[in-house]
Structure formats: C-alpha cells, structure tokens
Amino acid sequence: MKILAIESTCDETAAALVETCGGGVKVIRSVIASSVEMHQKYGGIVPEVAAREQIRSIIPVITEAVGGEVSSVEAIAVSYGPGLMGSLLVGVETAKVLSWTQKKKILKVNHMTGHVLANWIVEGENEEVPKLPAIGLVVSGGHTDLILLKTMKDWQWIGGTRDDAAGEAFDKVARLLELPYPGGPEIDKAAQQVSENDWEKYHSEYKLPRPLINDPGLEMSFSGLKAAVSRMVENEKVTGWIPDQVGNDRNTKRNIIAREFSEAATEVLTKKTLLAVEKYKPKSVILAGGVAANKRLRERLKLEIEKLSEVNFFVPELKYCGDNAAMIGAAAILRPEETTLNLRPEPSLATV
Ligand code: KG4
Ligand code: ZN
C-alpha cells in the first residue's frame, strides 16, 4: 500500500510518500519546509506566522513528495491534531481537496501516534521493528507521556508530566540561558561543549533537582527544574558570570548549566521509563518525539534498556524524531483510521 502523508501541525510543512515494507514502513520521499527561522526573533512560535507559511509551502512540498506518482497512491493521510488551529487547517483542508479531486480515501492521524510509529520506519524488509507489548516514552514540545502499546490498536496512557512538557522545559531553559529558539537542540549542543575538565571542576556548584525521581509513580514534573535554573541564572547575574557579554566564563558556566539540566531531565525520563518497564514487562522500549533527538537521552536510555535482557530499545533516526510526514504515513499504514470530508482539526487531541 502506498500513501501520501501530510503534516502541518505546527511550524513544519511536510509531505511524504511511503509504502508498506515487511512489518514496517518504507519512505519513498520525505520533504520538510520549516518556518522556524521566522520565529527565532520572537523567541517562540507566532501562530499567525506559522499558518501563513504553511499556506505558502504546502503545495510545493506535496508536489515534490508525490514526484508524479499520484496515480499509484492509494490514500491521503493527514495529521489532524494536536497542534495549532491555523496550521492544522492548512494540512487538513488540502488533504480533503486532494482526496476529493483525486478520488482517494482519506486517513486521519493523531500527530503523537505518528511520533510513536516513526519507530516502525525501515529501509528494508528484513529490518527489525519493535515487538509488542512495548513501552513508549513520547517527549515533544507539548507532550511528555509514557504509554503502553499492548497491541497496535490498544494503547494505554500510563504516566507523564503533571506540568510542563520536557521539550517546553528545554526551550524555556534555553531562553533563560539566552540561547536561540528552538532551545532543545541548542542546549544539547551547549552541553556537549563542556570539557571533562571543566565538568569535574565546576559541576558540583551547579546541581539541579531531579523532580519526583524517588517517587514510585510514573508521574513527572519539569516546571520546578526550570524554576531552579532560573534561580541559578539569577545568582550568576549577581556574581557577574551570566549574562556577561565578555570573556569565556559566561559560556563555560552556561554550558555547564545546560549539561546539568540535560542530565537532570535525562535521569528523570530514564528512571520513569525503567519503572514502567519493571511494572509492565514489555518486549520493547521506544523513544519518540522531538526531544528523542537529544544525544544524552538517546545514549542513556539505550544503555539502561540494553542492560535488561529480552527488552529491545528503539529510537527513530534523527530526521524522523522532529516533525515530519513520513511518520504520519507510517501511522496511517499501521493504524489506519478512515475518515470523511467532514474531518475537522482537533488542536487539543490527547496522545491516547
Ligand atoms: O516533536 P516536535 O518536533 O514538535 C512537537 O510535536 O512538539 O518537538 C519539538 C521539541 C522542542 O521543544 C525542541 O526544543 C525539542 O523538541 N528538541 C530537543 C532536541 N531537538 C528538538 N530537545 C532536546 N534535545 C534536542 N536535541
Ligand atoms: Zn511533533
């Protein structure tokens, strides 16, 4: 089965052509246009700007992804939420017009389901895909959820954040450290710049809390962590380290805070995932969402899961961690939900 998938939930306009391949999904073409640079000067996404850019990009992006193969496409898939209303409308309405004019059925996809099923994207028939039941840690700009995938259809929410999403915390902390938007990748980069020497020398002075880490439940919290960074930065202002515009101290110390924050977030996410594994005894653990691109989190979770015998770890390639349409196509193939031309965007759609 070949599917044309469309993704327009936030500031990425994406389209992809995908097809069934063994137990997974193969990507024929995946195209992404991003308006992220236009939001940088505001330090966050401006919904009107994002929607306007979606309108400008959607037709060229779809045209490139289809590559003249429209007749072999069996269905049009589109993510209909969660996301920004203005952005969602562009993808959903375009998908409906295509479905009507090309006489193809239309499949609706929950954007978060797409992130999870990005783990089923393969390059060849013999590539391994996650075995179920699986525990999914879904970490994005708006969500931090632990879910149990009992079967491909039957998913259960088992835990997650009670306040900020992990990605949101990364973005806010980056702002406190005066790093550009989007903050996640910037914090990741800054953290990797700390030399082992500097880390040994300074990190004991920059300890952040690991909220709820010793709590036996699967609840998480990131807003306190962000507040702790805020206090730390305030203190640095007093001593003149941050935001000092000159000298190396500022960057060294800022990078140490970035690394300590990444460590704290990674430790909490890893610990809670391990607790879920202990409780539900899955065959696989899958990491998904934009924050799954984080180097420390990918490495640490992989290491801890691989210590357990009989549990396999999966994480998408970097290009399928952030928003893309290939994952929407994968979800449409593996968890199809046929809909009609009455489809409406659902900005607050829940993960499960
Ligand atoms: O899944 P995504 O692309 O969009 C949503 O569905 O929200 O996730 C975006 C989030 C942003 O908060 C961004 O800062 C974060 O993922 N992110 C990262 C990294 N790359 C993206 N966070 C930490 N480390 C990264 N390398
Ligand atoms: Zn996303």
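Look above for the structure.
Residues numbered from 1 in each chain as written. Chains lettered and ligands numbered in written order. Predicted model: local features only at pLDDT ≥ 70, side-chain atom pairs only at ≥ 80, totals over all residues. Heavy atoms only, no water.

Q: I tried to follow the overall build of the chain on my own but got confused; where do I start?
A: Helices and strands together make up the secondary structure of the chain, namely 11 helices and 13 strands. Against the 2.2 N^0.38 benchmark of 20 Å for 352 residues, the chain shows a C-alpha radius of gyration of 21 Å, consistent with a compact globule. Taking all 352 residues of the chain together, the buried fraction comes to 55%. Contacts spanning at least 24 positions in sequence make up 74% of the contacts within the chain whose residues lie at least 6 apart. Surface exposure of the chain reaches about 15,300 Å², of which carbon and sulfur atoms provide 51%. Measuring between centres, the 42 positive side-chain charges of the chain sit 2 Å from its 47 negative side-chain charges. (Helix = DSSP H or I, 4+ residues; strand = E, 2+ residues; numbered from the N terminus. Rg over C-alpha atoms; globule rule 2.2 N^0.38 Å. Buried < 20%, exposed > 50% of the residue type's maximum accessible area, 1.4 Å probe, protein only. Contact = heavy atoms within 4.5 Å. Areas by Shrake-Rupley, 256 points an atom, 1.4 Å probe, with all protein chains shown as cover. Lys, Arg positive; Asp, Glu negative; His and termini not counted. Charge placed at Lys NZ, Arg CZ, Asp CG, Glu CD.)

Q: Mind showing me how you'd approach the side chain of Asn255 here?
A: Relative to the elements of secondary structure, Asn255 occurs in helix 9 (residues 249-280). Sequence-distant contacts of Asn255, defined by excluding residues within four places in its chain, comprise Ala190, Ala191, Gln193 and Val194.

Q: Sorry if this is basic, but what is going on with the nonpolar core here?
A: A general trend in soluble globular proteins is that nonpolar side chains are found buried together. Ile187, Phe222 and Phe261 are the most contacted members of the largest nonpolar core, which totals 51 residues. Of the residues forming this core, the biggest block, 11 residues, is contributed by helix 9. Of all hydrophobic cores here, the second largest spans 38 residues; its members include Ala75, Val122, Ala134 and Ala326. (Core = buried A, V, L, I, M, F, W, Y, C linked by side-chain atoms within 4.5 Å.)

Q: How do you make sense of the site of ligand 1 when you look at a structure like this?
A: Taken together, 18 residues surround ligand 1, and among them His115, Gly141, Asp171, Asp188 and Gly290 come closest. A distance of 3.1 Å separates an oxygen atom of ligand 1 from a polar side-chain atom of His111. A distance of 3.0 Å is found between a nitrogen atom of ligand 1 and a side-chain nitrogen or oxygen belonging to Asn294. Listed by contribution, the elements that provide at least two residues to the shell around ligand 1 are helix 4 (111-117), helix 5 (166-176) and helix 6 (183-192). Grouping the constituent residues of the shell around ligand 1 by class yields four nonpolar, 11 polar and three charged. (Near = heavy atom within 4 Å. Polar contact = N/O pair within 3.5 Å; in protein donor to acceptor, adjacent residues only side chain to side chain. Nonpolar A, V, L, I, M, F, W, Y, C, P; charged D, E, K, R; others polar.)

Q: Explain the packing of aromatic side chains here, please?
A: Following the criterion strictly, the structure yields one aromatic pair and no others. When the ring of Phe170 is compared with that of Phe261, the centres are 4.9 Å apart and the planes differ by 80 degrees; the resulting orientation is edge-to-face. Here Phe170, found in helix 5, pairs with Phe261, found in helix 9; they are 91 residues apart in sequence, far enough to count as distant. The exposure class of Phe170 is buried, given its relative accessible area of 3%. Note that Lys253 overlies the ring of Tyr202, its terminal NZ or CZ placed 4.5 Å from the centroid. (Phe/Tyr/Trp six-rings, centres within 6.5 Å; stacked < 30°, edge-to-face > 60°. Lys NZ or Arg CZ within 6 Å of the ring centre and 35° of its normal.)

Q: How do you make sense of the pattern of salt bridges when you look at a structure like this?
A: Where charged atoms of side chains with opposite charge meet at close range, the side chains can pair. Per the stated rule, a full pass over the model turns up 23 salt bridges. The closest approach of N and O atoms between Arg52 and Glu53, which form a salt bridge, is 3.9 Å. You can call Arg52 partly exposed: its relative accessible area is 47%. For Glu53, a relative accessible area of 9% gives the class buried. Connected through salt bridges with shared partners, the residues Asp164, Glu168, Lys172 and Lys226 form a single ionic network. (Salt bridge = Lys/Arg side-chain N within 4 Å of Asp/Glu carboxyl O.)

Q: Help me understand the sheet that holds strand 10 (residues 219-220) in this model?
A: Sheet strands pair by backbone hydrogen bonding; their relative direction is either parallel or antiparallel. Ordered by their spatial adjacency, six strands build an open sheet running 10-9-8-7-11-12, and the pairing between neighbours is mixed. Each edge of the open sheet carries a strand with a single partner, namely strand 10 and strand 12 (312-314). Pairing geometry for strand 7 (residues 134-139) and strand 8 (residues 144-149), over six bridges, is antiparallel. Note on strand 8: the bridge partner recorded for Val138 is Asp145. Helix-sheet contacts for helix 10 (residues 295-306) involve strand 7, strand 11 (284-288) and strand 12, and the interaxial angle to strand 12 is about 165 degrees. (Pairing = 2+ DSSP bridges. Axes fitted to C-alpha atoms, helices over the stretch in contact; angles between N-to-C directions.)

Q: So what exactly am I meant to see when it comes to helix 2 (residues 47-66) here?
A: One turn of the α-helix equals 3.6 residues, which is why residues spaced by three or four share an orientation. Compared with the 28 Å implied by 1.5 Å per residue over 20 residues, the 27 Å span of helix 2 between its first and last C-alpha is a close match. By the largest-angle criterion, Ser57 marks the main kink of helix 2, which is about 40 degrees, and a proline, Pro60, follows within four residues. For helix 2, the full list of buried residues reads Val49, Ala50, Ala51, Glu53, Gln54, Ser57, Ile58, Val61, Ile62, Ala65 and Val66. Summarising the contacts, the buried residues of helix 2 are in contact with strand 1 (2-7), strand 2 (12-21), strand 3 (24-34), helix 1 (36-40) and helix 3 (85-102). (Expected span 1.5 Å × (residues − 1). Bend = angle between axes of the 7 residues up to and from the residue.)

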